[in-house]
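Notes for the structure review
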Amino acid sequence: MRATLFNILYWTMSGVYAVLCALLALIPGKFFLMHGVRSYCRLTVLMMRVICGIRVEVRGTPPKNKAVIIAAKHQSWGDGIVMIAKTGNVNFVVGDHMLKFPLIGWVLERAGAIVVNNGGGRKALESLNDGIHRSHGETRPILIYPEGHLTPVGTGKPYRKGVYRLANSLERPVVPVATNLGCFWPQQEWGKHPGTAVIEFLEPISHRLDGTSFMATLETTVEAHTRQLEEEALS
């Protein structure tokens, strides 16, 4: 019952905020638009706690207003919402599937988001390079999910090299993030489960590592800490 109430309110609120943020996107600059986006994310996190009994615990230090790449585990629709609510003014890499939602494409464009082709290949590389070009000189963190897709709890997909290209080209350290949010808000499922979800910010990884070492270190670090958090949640 609580999950049904949450989902009805969440999707209704999402429609309202889509219109509101589209209007804010008409104002020059990103200040008012990103304030609207953060407001939406923070209200969702509040609803998660009040309605579903899902509390969010942050471990480590969120890199607010720092020029870093945040490379996070992706196992819940709520991942990006929680991350933006807890880190403040961030840019983000999103798949082009987000463009299917009305008004979202306009909002993403005005927010400066890096929209990449989910299928990978040349088009994805071109859009990533465009995002890299636009991100030079910015100081806000960039959030990326290296797996590229949602994964069920206890599993993972091979990490894509776009995160290394992003970090190396912008000369930014990468902050790995582990989570167990999928134990409470599984992927895109209707059902929600009460408990304390953890978002853990880990030690940064240097962009100066060679590509092979960087990718291995990132994937091993995030997956190992995520398994620990999953065990903690399921115990």
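Above: the structure in question.
Residues numbered from 1 in each chain as written. Predicted model: local features only at pLDDT ≥ 70, side-chain atom pairs only at ≥ 80, totals over all residues. Heavy atoms only, no water.

**Focus on the overall build of the protein chain**
Rules: Comment: elements are numbered from the N terminus, with helices defined as DSSP H or I runs of at least four residues and strands as E runs of at least two. This radius of gyration counts C-alpha atoms alone. The globule rule is 2.2 Å times how many residues there are, raised to the power 0.38. Contacts are assigned to residue pairs with any non-hydrogen atoms lying within 4.5 Å of each other. A 1.4 Å probe and the Shrake-Rupley method give the accessible areas. Residues count as covered only by the protein chains that appear here.
Along the backbone of the protein chain there are seven helices and seven strands. Written out in order from the N terminus, the α and β elements of the protein chain read α-α-β-β-α-β-α-β-α-β-α-β-β-α. Expected size for 235 residues packed as a compact globule is a radius of gyration near 18 Å; at 17 Å, the protein chain falls within 12% of this value. For the protein chain, long-range pairs separated by at least 24 residues make up 75% of all intrachain contacts whose partners lie at least 6 apart in sequence. Working note: accessible area of the protein chain is about 11,200 Å², and carbon and sulfur atoms make up 59% of it.

**Quick word on the state of the cysteines**
As a reminder, the rule being used: Sulfur atoms of two cysteines make up a disulfide when they are within 2.5 Å. The buried label goes to any residue with under 20% of its type's maximum accessible area, the exposed label to any with over 50%, and the partly exposed label to all in between, with areas taken from a 1.4 Å probe on protein chains only.
A full pass over the atoms with the stated rule returns zero disulfides. Unpaired in this structure, Cys 21 has its nearest cysteine sulfur neighbour in Cys 41, at a distance of 8.8 Å. You can see Cys 52 has no disulfide; the closest cysteine sulfur is in Cys 183, sitting 15 Å from it. According to the relative accessible area criterion, Cys 52 is buried, its value standing at 3%.

**A closer look at the packing of aromatic side chains**
The line we're drawing: Here a pair means two rings of Phe, Tyr or Trp (six-membered ring of Trp) with centres within 6.5 Å. Their orientation is stacked below 30 degrees between planes, edge-to-face above 60, and tilted elsewhere.
Enumeration according to the criterion identifies nine aromatic pairs in this entry. Ring geometry for Tyr 17 versus Tyr 40: centroids 5.4 Å apart, planes at 50°, classification tilted. Here Tyr 17 is found in helix H1 (residues 2-24), whereas its partner Tyr 40 is found in helix H2 (residues 31-52), with 23 residues between them in sequence. Pair check on accessibility: Tyr 17 and Tyr 40 agree, each one buried. With a centroid separation of 5.1 Å and 90° between ring planes, the pair formed by Phe 31 and Phe 32 is classed as edge-to-face. Take Phe 31: its relative accessible area is 60%, and that puts it in the exposed class. Members of the aromatic cluster, each reached through a chain of ring pairs, are Phe 6, Tyr 10, Trp 11, Tyr 17, Tyr 40, Trp 77 and Trp 185.

**Let's talk about the pairing of strand E7 (residues 195-201)**
Stated formally: A pair of strands is treated as paired once DSSP finds two or more bridges between them.
With five of its seven residues buried, E7 lies for the most part within the structure. Here strand E1 (residues 54-59) runs beside E7; their pairing, made up of six bridges, is parallel. The partner of Val 58 across the bridge, within E7, is Ile 199. Pairing between strand E6 (residues 174-179) and E7: three bridges, direction antiparallel. Bridge pairing links Val 177 to Phe 201 in E7.

**Concerning the side chain of Asp 79**
We apply this condition: Polar contacts, as used here, are pairs of N or O atoms within 3.5 Å; protein pairs need one atom able to donate a hydrogen and one able to accept it. Residues neighboring in sequence count only if both atoms are side-chain atoms.
Looking at where Asp 79 falls in the secondary structure, it is placed in helix H3 (residues 79-87). Separated by 2.9 Å, the side chain of Asp 79 and the backbone nitrogen of Ser 76 make a polar contact. Sequence-distant contacts of Asp 79, that is, excluding residues within four places in its chain, are made with Lys 73, His 74, Tyr 145, Thr 179 and Leu 181.

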